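Structure at a glance
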Amino acid sequence: MFKKILIANRGEIACRVIRTARAMGIKTVAVYSDADARAKHVEMADEAVRLGPPPASESYLLADAIIAACKATGAEAVHPGYGFLSERTSFAEALEAAGIAFIGPPVGAIAAMGDKIESKKLALKAGVNVVPGFVGEINSTDHAVEIANGIGYPVMMKASAGGGGKGMRLAFSEKDVRENFESVKREGLSSFGDDRVFIEKFIESPRHIEIQVLGDKHGNILYLGERECSVQRRHQKVVEEAPSPFVTPEMRKAMGEQAVALARAVGYHSAGTVELIVSGADKTGQGFYFLEMNTRLQVEHPVTEYVTGLDLVEQMIRVAYGEKLAFTQDDVKLTGWAVENRVYAEDPYRGFLPSTGRLVRYRPPATSENVRVDDGVTEGAEISMFYDPMIAKLITYGETREQAIDRQIDALDRFEIDGIGHNVDFLSALMQHQRFRDGRLTTGFIAEEYPEGFQGAPTGEGLTARLSAVAGVIATVEAARASLIDGQLNGPAPAPTDWVVKLDGAEHRVAIAGEAVEVDGKAVVVDAAYVPGQRLVEAIVDGETLAVRVQRRRDGWRFTTRGASHNLTVLPPRIADLSHHMIEKVPPDLSRFLLCPMPGLITAIHVKQGDKVEAGQPLAVVEAMKMENILRAEKAGTVSKVAAAAGDSLAVDAVILEFE
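Read on for a plain summary of the structure.

The rules behind these values
Numbering of residues starts from 1 in each chain and follows the order in which that chain's sequence is written. A pLDDT threshold of at least 70 governs which residues receive local features in this predicted model, and a stricter bar of 80 or more applies before side-chain atom pairs are shown or counted, although totals over entire chains, interfaces and linings include all residues. Hydrogen atoms and water are omitted, and side-chain values are computed over all heavy atoms in the structure. Secondary structure elements follow DSSP: runs of H or I no shorter than four residues count as helices, runs of E no shorter than two count as strands, and numbering proceeds from the N terminus. Only the C-alpha atoms count toward the radius of gyration. The rule for a globule is 2.2 Å times the residue count to the power 0.38. Exposure categories follow from relative accessible area, calculated using a 1.4 Å probe and restricted to protein chains: below 20% of the type maximum is buried, above 50% is exposed, and the middle band is partly exposed. A contact between two residues is defined here by any heavy atoms of the two lying within 4.5 Å. Salt-bridge detection follows one rule: a side-chain nitrogen of Lys or Arg within 4 Å of a carboxyl oxygen of Asp or Glu. Only strands that DSSP links by at least two bridges are regarded as paired with each other. What a helix should span is 1.5 Å times the count of its residues minus one. Only Phe, Tyr and Trp rings are paired, with Trp represented by its six-membered ring, and only when their centres lie within 6.5 Å; those with planes under 30 degrees apart are stacked, over 60 edge-to-face, the remainder tilted. The criterion for a charge sitting over a ring is simple: Lys NZ or Arg CZ within 6 Å of the ring centre, and within 35 degrees of the ring normal. In this analysis an axis means a line fitted to C-alpha atoms, helices contributing only their contacting stretch, and an angle means the value between N-to-C directions, from 0 to 180 degrees. We call two directions roughly parallel when the angle between them is under 35 degrees, roughly antiparallel when it is over 145, roughly perpendicular when it lies between 65 and 115, and oblique otherwise. Side-chain classes follow a simple rule in which Ala, Val, Leu, Ile, Met, Phe, Trp, Tyr, Cys and Pro form the nonpolar group, Asp, Glu, Lys and Arg form the charged group, and the remainder, Gly included, forms the polar group. Residue types Ala, Val, Leu, Ile, Met, Phe, Trp, Tyr and Cys, when buried and joined through side-chain atoms within 4.5 Å, form a set referred to as a nonpolar core.

Turning next to the overall build of the protein chain. Along the backbone of the protein chain there are 17 helices and 40 strands. The C-alpha atoms of the protein chain give a radius of gyration of 27 Å, which matches the 26 Å a tight globule of 660 residues would have. In terms of principal-axis extent, the alpha carbons of the protein chain reach across some 85 × 65 × 55 Å. A burial count over the protein chain gives 55% of its 660 residues as buried. Counting only contacts in the protein chain whose residues sit at least 6 apart along the sequence, the fraction spanning at least 24 positions is 65%.

In structure tokens form, the structure reads like this:
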């Protein structure tokens, strides 16, 4: 077996590979950019080598520097993780030339599957179902319009070398094609160095389901079941699970056999994933079509590991060393259910805009045999604009799908993240959504269920009263502590035990008498061990466990639980009565400004001073986290001032344009 391997990646996947290598008794070498000098994967590895400045093009994408690091440290093999160089044929070829093993598939398979156009041709030849579309070169926007009109709308435009949701746009009309085709080309060029685009029919009621394959260098190729990856936002997966609630055993076998046939056609070995688009409207089980093959480890691989009992990273290392698979297709059994949520540095309350900055507080939930957290950050780490915004992956397992989902909700409530925006509330809302729990999924699930954006999960039945009870207990503890402060005029005042809790537009009267608690005159059994300053309160209210993240405010608290945040005003009854006479502070009107919604780079300004604009008109383009974001006019108006220019790096809420 290898004695030392280098991980050519960063973040959670680098940490993930290091954990398995350590369990196998293999020494590890980390590589890092200046932005990651104190990163978790650097601390975990046995050795670490600096690559260069923060931009990936000057560090993690430097194949020569990685090979030099291998030679300097004596690393015999390289695990590329996902992203960066993981699917770049030139890197695998360079490693081979240097006598360093690549923990991944053969160069020929990477080349064949890395080009979406060529891979479709190979899939057709191998007898794999493919989506109707145009797989040749597209010369211009007019040519793209002609093709799209011929296929019939809606169509999907994709960068040929794309992945991770980048370089993809859905077009419902000729106008959409004309507006977005060049943007797809630019994203493909900037992210992958390839501006070729292909167009295919968009499948109605589509589900995104993928098959995990695993092969060795001795001709053995297996499929390890499927993963349901339909819950996506902007074509980026958010929730994954295994198995799929839609797939029958017969369908699983048919999809798996086609995936193996494709892998065999390109001489595949190592772990890989065949992605399929599946028609949710087709109940025959035959409506599945090849999308692409990812010749690497997938972000969502842990759900497959849970239901199969296999360590895919270990299998990749053993295959790269030349070992045969120690099991056959008949040995692969799917047991239980696993769900994975991706915790991102993005603010769902502001249109999912990327959030960068320091993780002032980071406390993931406790792990167990049924709860797993894969992360690559520590408290105090920086979420950089240079890399993907993933903070962690939360994976839960259960004997049933419902049990795995419920464990997600409980674990998400116990995430403590401060300093940046994050999507934990949104993920919890998804887990509670009845349509998700029913398994009625499509790739349009998020857009369909949250058309006006996300404002927090609906408050469940009885939750308001339970939160009011917890607030009353906390307020009483805080008041009792305040009464003990020495030097008060006329001695310490008695701590109040009656409270008015204002929550979600309603008022609740809470009375505390020893251990007895009443909310609006009704007895509530509360067990909440609270210490002043505590940030996470685990309470049992009427027999139900409730984990509440607590943040102190001037006149109360901000409680976050079950996918929503609630601002609570907690006052003694007399002060609550007087507060009704306070004048409400009206926030300033910012509608005459176009503000930068996130830290990012201005790549284009489409208007100039004096221009009249209409609602919905594109005004500027901001690039952040490798994605282009088009900023549009919210209403008609006239541009009175242009405060930024293409090439400017702006902070969040910086003024771009001003209107009359």
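This part covers the pattern of salt bridges. Considering all chains together, one arrives at 56 salt bridges under this definition. We note a salt bridge from D406 to R437, for which the minimum N-O separation is 2.8 Å. Taken together, the residues span a long stretch of sequence, with D406 in helix α12 (residues 401–413) and R437 in helix α14 (residues 434–438) at a distance of 31 residues. For D406, a relative accessible area of 31% translates into the label partly exposed. With its nearest N and O atoms 3.2 Å apart, the salt bridge here joins E538 to R414. Here E538, found in strand β29 (residues 536–541), pairs with R414, found in the loop between α12 and β23 (416–418); they are 124 residues apart in sequence, far enough to count as distant. Salt bridges linked by common partners bring E210, R227, K237, E240, E275, E300 and R342 together as one network.

When a strand is regular, its side chains alternate between the sheet's two faces. In terms of residue burial, strand β22 (residues 390–398) counts as a mostly covered element, since nine of its nine residues are buried. Bridge count between strand β15 (residues 337–344) and β22: eight bridges; the pairing is antiparallel. Across the sheet, E340 pairs through a bridge with I395, a residue of β22. Pairing of strand β20 (residues 371–375) with β22 involves five bridges; the strand directions are antiparallel. Bridging from a neighbouring strand, V371 pairs with T396 of β22.

Over its 21 residues, helix α16 (residues 463–483) extends 30 Å from the first C-alpha to the last, a length consistent with the 30 Å expected when each residue adds 1.5 Å. Within α16, 16 of the 21 residues are buried, which leaves the element mostly enclosed by the surrounding structure.

This brings us to the sheet that holds strand β33 (residues 593–595). Read across the open sheet, the four strands follow the order β33-β40-β38-β35; overall the sheet is antiparallel. Looking at the sheet topology across the chains shown, the edges are occupied by β33 and β35 (612–613). Bridge count for strand β38 (residues 637–642) against strand β40 (residues 655–659) is three bridges, and the pairing is antiparallel. By the bridge assignment for β40, K641 is matched with E658.

Before going further, it helps to spend a moment on the packing of aromatic side chains. Taken as a whole, this structure holds 13 aromatic pairs when the rule is applied. A ring pair is formed by F84 and Y387, whose centres lie 6.5 Å apart and whose planes are at 90 degrees; its orientation type is edge-to-face. In this pair, F84 is assigned in the loop between β4 (77–79) and α4 (89–97) and Y387 in the loop between β21 (382–383) and β22, connecting sequence segments 303 residues apart. The pair F84 / Y387 is uniform in exposure class, with both members buried. Judged by centre distance (5.2 Å) and plane angle (80 degrees), the ring pair of F426 and F454 falls under edge-to-face. With F426 in helix α13 (residues 424–432) and F454 in the loop between α15 (445–449) and α16, this residue pair connects regions lying 28 residues apart in the sequence. When sorted by exposure, F426 lands in the same class as F454, which is buried. By the ring-pair criterion, three or more aromatic residues cluster together here, those being Y349, F352, F426, Y450 and F454. Positioned over the ring face of F436 is R401, at 4.9 Å from the centre of the ring. Over the aromatic face of W557 sits the side chain of R552, whose NZ or CZ is 4.2 Å from the ring centroid.

With omega at 0 degrees, the peptide bond leading from Y153 into P154 counts as cis. Here P154 is to be found in the loop between α7 (141–151) and β7 (155–163). In this model, D520 sits at a positive phi of 55 degrees, which is unusual for a non-glycine residue. Note on placement: D520 falls in the loop between β26 (516–519) and β27 (522–524).

The next thing to look at is the sheet that holds strand β2 (residues 27–33). The strand order across the open sheet built from five strands is β3-β2-β1-β4-β5, with neighbouring strands paired in parallel fashion. Taken across any chain shown, the strands that pair with only one partner, and hence form the sheet edges, are β3 (47–52) and β5 (101–102). With two bridges connecting them, β4 and β5 associate as parallel partners. Across the sheet, A77 pairs through a bridge with A101, a residue of β5.

Here Q258 is to be found in helix α9 (residues 249–265). In this structure Q258 touches G127, V128, N129 and F288, once residues within four positions along its chain are discounted.

So, on to α7. All of the buried residues along α7 are T141, H143, A144, V145, I147 and A148. G152 occupies a position one or two residues after α7 and carries a positive phi of about 100 degrees.

As a further point, take the packing of helix α5 (residues 107–114) against helix α6 (residues 116–125). It is the contact of α5 with α6, at a shortest axis distance of 5 Å, that shows an interaxial angle of 100 degrees. The angle between the axes of α5 and α6 places the two elements in the roughly perpendicular class. Within the contact between the two elements, α5 uses A112, M113 and G114 and α6 uses K116, E118, S119 and L122. Among the residues making up the contact of α5 with α6, the classes are represented as three nonpolar, two polar and two charged.

Position of V639 relative to the elements: it lies in strand β38. Judged by relative accessible area, V639 falls into the buried class, the value being 1%. Put simply, V639 and D611 are 28 residues apart on the chain and 5.4 Å apart in space, counted from C-alpha to C-alpha. Those residues in contact with V639 that sit more than four places away from it in its chain are V607, K608, Q609, G610, D611, V613, L657, E658 and F659.

On to the nonpolar core, then. By size, the foremost hydrophobic cluster in this structure holds 39 residues, and its most contacted members are Y362, I391, F415, I417, L430 and M431. Sorting the residues of this core by element identifies β12 (236–242), β15, β20, β22, α12, α13 and α15 as the ones contributing at least two each. For this core, the element with the highest residue contribution is α13, accounting for six residues. Once residues within four sequence positions are removed from consideration, Y362 is found in contact with V373, D375, V377, T378, E379, I391, A392, F415, E416 and I417.

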